[in-house]
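Residue-level listing of the chains:
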Amino acid sequence: MVNKLKNTLYPVPRLVQGLPNTIRAIQSDEDESTDLDIYLENERQLMPGQGQELNFPSQMPILPLRNAVVYPGTVTPLAIGRDRSKALLKDTKPNETVIGLVAQKDSKADKPEFSDLYRIGTAATILKVIKLPHGSIHIVVHAIGRFRIVKPTATKPYLKAQVEPLGSKVRITKKLKALIVNVRAAANRVIVLSPNVPEEASLLLDNIENPSALADFLAANLNIGIAKKQELLEELDVAKRLEEISFALASQLEVLELSHKIQGKVRDSVDKNQREYFLQEQLKAIQTELGREDRQTEELKQIEKNIKKAQMPKNVEAEAMRELDRLGKIPPASPEYSVLRTYLDWICELPWSVATEDRLDINKAQRILNRDHYDLKKVKKRILEFLAVRKLNPSGKSPILCFIGPPGVGKTSLGKSIARAMDRNFVRISLGGIRDEADIRGHRRTYIGALPGRIIQEIRKAKSNNPVFMLDEMDKIGADFRGDPSSALLEVLDPEQNNSFNDHYIDQPFDLSKVMFIGTANYAEPIPPALHDRMEIIELPGYTDNEKLQIAKRYLVPRQLKENGLSKNKLTITDDALEEILRSYTREAGVRNLERDIAAICRAVATETAKGSKRRATIGKLQVVKILGPPRFESELALRTGIPGVATALAYTPVGGEILFIESAQMPGEGKLHLTGQIGDVMKESAEAAFSLVKANAKSLKIDTELFGKHDFHIHVPAGAIPKDGPSAGVAMFTSLVSLLLKKPTKPDIAMTGEITLRGLVLPIGGLKEKILAAKQAGIKTVILPKRNQKDIPEVPTEAKKGLKFVFVKNTNEAIKTALKGYLS
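Reading guide: rules and limits
- Residues numbered from 1 in each chain as written.
- Predicted model: local features only at pLDDT ≥ 70, side-chain atom pairs only at ≥ 80, totals over all residues.
- Heavy atoms only, no water.
- Helix = DSSP H or I, 4+ residues; strand = E, 2+ residues; numbered from the N terminus.
- Buried < 20%, exposed > 50% of the residue type's maximum accessible area, 1.4 Å probe, protein only.
- Contact = heavy atoms within 4.5 Å.
- Areas by Shrake-Rupley, 256 points an atom, 1.4 Å probe, with all protein chains shown as cover.
- pLDDT = per-residue confidence, 0-100.
- Pairing = 2+ DSSP bridges.
- Axes fitted to C-alpha atoms, helices over the stretch in contact; angles between N-to-C directions.
- Salt bridge = Lys/Arg side-chain N within 4 Å of Asp/Glu carboxyl O.
- Expected span 1.5 Å × (residues − 1).
- Core = buried A, V, L, I, M, F, W, Y, C linked by side-chain atoms within 4.5 Å.
- Arc of directions from axis to C-beta.
- Patch = residues over 30% accessible without salt bridge, like charges linked within 9 Å, V, L, I, M, F, W, Y side chains within 5 Å.
- Lys, Arg positive; Asp, Glu negative; His and termini not counted.
- Charge placed at Lys NZ, Arg CZ, Asp CG, Glu CD.
- Parallel < 35°, antiparallel > 145°, perpendicular 65-115°, else oblique.
- Left-handed = near helix turned anticlockwise from the far one by under 90°.
- Nonpolar A, V, L, I, M, F, W, Y, C, P; charged D, E, K, R; others polar.

The next subject is the overall build of the chain. What the chain contains, in helices and strands, is 27 helices and 30 strands. Expressed as a percentage of the 825 residues in the chain, the buried residues total 48%. When contacts within the chain are restricted to residue pairs at least 6 apart in sequence, those whose partners lie at least 24 apart make up 74%. Roughly 41900 Å² of accessible area belongs to the chain as shown, and the carbon and sulfur atoms make up 51% of that amount.

Written out as structure tokens, the structure is:
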């Protein structure tokens, strides 16, 4: 059976479908139709020779297609390579034989059977066969209509099947017209946004009037998968087909719109950069004609001058010139330009060869130090020694000092005085809380926002390569996953290495050997041993009351008068008032709180003066109480040492010396020891050692040994909110327990310090001056000290020792003989 097809109802354009987005119209005719309800039994296509009838056989050879779906009305090139397909071509005649084009379900099947094919395909005629030199064959087919495979009839030498033609269903409605308008507009927009689609495609699209032809045209050129294309081929309802195409076009259009937007931004950016580049080049040409230089050239010449002016070492200058040459080849708009420019600015601003001349007048330096600071003889002596050595050996290395002492004793201000005495610049950094090694060594230039470390930054600020450089709070350096800053300081503070300090940012050796580094710390223990070993430790002990009084009269009162806008004629603070402040309102090793209280008195007088008072103010003891309120400190010594089980210990803290009261108690129990008062591990061990020593020597101490099995013992160290640690309270804990068990109180005017062993030996301790000062302030008359600390007593100021009796003991038995009332060995 042969179906007769005529081209009299509507023509469809013949298209060439080749590479993606390549579309060419072969022919397009118009034919108007006014029918509102048309049902097309068969597809009708325009073929060469209009008006001719085409043979559409009921049985036709089937050509399986891989990764392709052909739509009616299109002209499509196909590559032939499989043996079955070549056998099919031998039995066909171009422009006469109609073949069936059916897509494979699985493109990997090399010898597809009917089960591997879809049931609906496209009938086509072969327009041309092209045989290429290397043996491959290409054909060009013209699709003329849809068909369905009814029954396979042969599989050899190629596939044959009985088919039935399929027609499209079209109902011209408002919805269909709206769909046509919508898909045509969307398709035109896609053509506009697709750079590789020729302009003729839009013209061709506008000339397709038939809905089915329009749907097939768009489906053939949509960028969708094979399965989806097969669904559109099998959809006979034109309205549904157009609706599916509309969704696919909308999705594709959204992607193209976004791509176009992104490309637009990139293009604008590139155009702007190109415009700036061309304008810069034109400006260069104009300036060259006028005999002037452009801005970039001027910058490069200025940087070159700065490099020469800096008088860097030859290897550093060579590296700087190399970087300058690279800078000249980089466009100014490039981000790398600003990074490199900043680096060169840092290189040029460092004081490679700039040094201040030391004032080597020893007598004048001594006068400056004495004028700025009271006492501190050891520190002043060391500075004068350094100046003397520098005078005799100008090329000698600078010392690396570390001042250790409680807050407020003048460590930082002493560094400023040293710089002034030597006529050097002074810089200071605080190391408290630093946890990142890059704070010392800097960041490498590969990081965004990289900068040199604090050492190089402060050297640049000093504007000389030999300043006095103070490293404050060295005992408060931290460490975490970012590195250990204290380890980075090892190179800085090592005289054998710091002549070639390498900052990560500068990446060139800088000589720090001329810098006089001075560290400060409250405690020596937290400083790492390797760092501690590189520094010369100078201890600044706390001040005595007389020293504080002199410091207040010479420095603090005049400074506070000036800061509060007062003169000596307006305010006088008597020595009695200052002594009352020292005794009842401050308890510290330094003078910070003393200065705060003096400032409070000055503010009170300034307030009265601002109100209009013209009276001269003289501040005595009574006025101090009125202004500062009731006394903050009073002696609790007699109250707390009047009962057995209480002993007075001397302790050293970061803020100076203090007295501690060791309290012991017993209660029914099993001989356990309880420790309270927020004490550290070392102090706990001292308490346990004292308890064991008491139990071991109970008979010699005349203590009833049965007490240890029937009672628990409790040692408490007030105040409970303050952390305490250290071994020097061992003697006091031993004395407290013996006092409790013998029911003999300790003498109220005795304090003691010393570490004990299980053999009863008393070991030496540190912080002797601060402890003696604390004992004197608390009204102590007798101080029990380890025998091995007797050699350190000459270093304690005479004023601090005045009125105190020192008892030096070798073991605990000697200590309790002195400490306990009525104790007889």
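Read on for the rest.
Taken over all residues, the pLDDT of the chain has a mean of 82, while the share at 70 or more is 89%. Long-range and interchain partners of residues 1-54, a stretch whose pLDDT sits below 50, account for 123 contacts in this model, where long-range means more than four residues apart.

The subject of this paragraph is the pairing of strand β15 (residues 468-472). Residues in a regular strand project their side chains so that they alternate between the two faces of the sheet. Of all five residues in β15, five are buried, a share of seventy percent or more. Alternating residues of β15 divide into Val 468, Met 470 and Asp 472 and Phe 469 and Leu 471, and every residue in both groups is buried. The sheet contact formed by β15 and strand β18 (residues 516-521) spans four bridges and is parallel. Within β18, the residue paired with Met 470 across the bridge is Ile 518.

Across the sheet, which stays open at both edges, the five strands sit in the order β14-β15-β18-β13-β19 with parallel pairing between neighbours. The open sheet has two edge strands with one neighbour each: β14 (426-430) and β19 (536-539). This sheet shows a mean twist of 20 degrees between the axes of neighbouring strands, independent of strand direction. Here strand β13 (residues 401-404) runs beside β18; their pairing, made up of four bridges, is parallel. Note that in β18 the partner of Ile 404 across the bridge is Ala 521.

Turning our attention to the pattern of salt bridges. All told, the structure shown has 36 salt bridges when counted by the stated rule. With its nearest N and O atoms 3.4 Å apart, the salt bridge here joins Lys 329 to Asp 325. According to the relative accessible area criterion, Lys 329 is exposed, its value standing at 66%. Linked through salt bridges whose partners overlap, the residues forming this network are Glu 319, Arg 322, Glu 323, Arg 326, Glu 336 and Arg 445.

On to helix α9 (residues 335-349). Across its 15 residues, α9 extends 22 Å between first and last C-alpha, which sits within 8% of the 21 Å expected from 1.5 Å per residue. Regarding α9, the residues found buried are Tyr 337, Leu 340, Tyr 343, Leu 344, Trp 346, Ile 347 and Cys 348. Here the buried face of α9 lies against α7 (295-310), α8 (314-328) and α14 (454-462).

Across the seven residues of strand β6 (residues 59-65), six count as buried, placing the element largely inside the fold. Here β6 pairs with strand β11 (residues 160-166) via three bridges, running antiparallel. The residue bridging Gln 59 from the neighbouring strand is Gln 162, located in β11. Bridge count for β6 against strand β8 (residues 98-103) is four bridges, and the pairing is parallel. Within the sheet, the bridge partner assigned to Ile 62 lies in β8 and is Gly 100.

The next point concerns the nonpolar core. In a soluble, globular protein the nonpolar side chains are often hidden away together inside. Judged by nonpolar contacts, the single largest core of 53 residues is most densely connected at Met 60, Ile 62, Phe 147, Leu 218, Leu 242, Ile 245 and Leu 249. Leu 376, Phe 386, Val 591 and Ile 598 belong to the second-largest nonpolar core, a separate cluster that totals 52 residues.

Okay, α7 next. In this model α7 runs 22 Å from its N-terminal to its C-terminal C-alpha over 16 residues, within 8% of the 22 Å that 1.5 Å per residue would give. Along α7, the positions that sit buried rather than exposed are Gln 296, Leu 300, Ile 303, Ile 307 and Ala 310. On an axial view of α7, the arc spanned by its buried residues comes to 90 degrees, and they lie on one face. Relative to its buried face, α7 has exposed residues pointing more than 90 degrees away, namely Arg 295, Lys 305 and Lys 309.

This brings us to the environment of Gly 620. As for its placement among the helices and strands, Gly 620 is situated in the loop between β21 (617-619) and α20 (621-628). By relative accessible area, Gly 620 is classed as buried at 14%. In this structure, the C-alpha to C-alpha distance between Gly 620 and Ala 577, residues 43 residues apart in sequence, is 4.6 Å. Not counting the four nearest positions on each side in its chain, Gly 620 is found in contact with Thr 574 and Ala 577.

Further remarks concern a negative patch on the surface. Judged by side-chain charge, Asp 681, Glu 685, Glu 688 and Asp 725 come together as a negatively charged surface patch. Here Glu 688 lies in helix α22 (residues 681-696). The exposure class assigned to Glu 688 is partly exposed, which follows from its relative accessible area of 44%.

Let's shift gears to the packing of helix α18 (residues 575-584) against α20. For the pair α18 and α20, the least separation of the axes is 8 Å and the interaxial angle reads 50 degrees. The orientation of α18 with respect to α20, classified from their angle, is oblique. Both α18 and α20 take part in a crossing whose hand is right-handed. Residue-level contacts link Asp 576, Ala 577, Glu 580, Ile 581 and Arg 583 of α18 to Lys 621, Val 624 and Leu 628 of α20. Looking at the contact of α18 with α20 residue by residue, the class counts come to four nonpolar, no polar and four charged.

Moving on, we come to the environment of Pro 72. Topologically, Pro 72 is positioned in the loop between β6 and β7 (74-80). Along the primary structure Pro 72 and Leu 233 are separated by 161 residues, whereas in three dimensions their C-alpha atoms are 9.0 Å apart.

Put simply, Lys 156 and Pro 157 share a cis peptide bond, and its omega is 0 degrees. Turning to its location among the elements, Pro 157 is positioned in the loop between β10 (137-154) and β11. One non-glycine residue, Gln 311, lies in the positive phi region at around 50 degrees. A positive phi angle, near 55 degrees, is found at Glu 473, a position not held by glycine.

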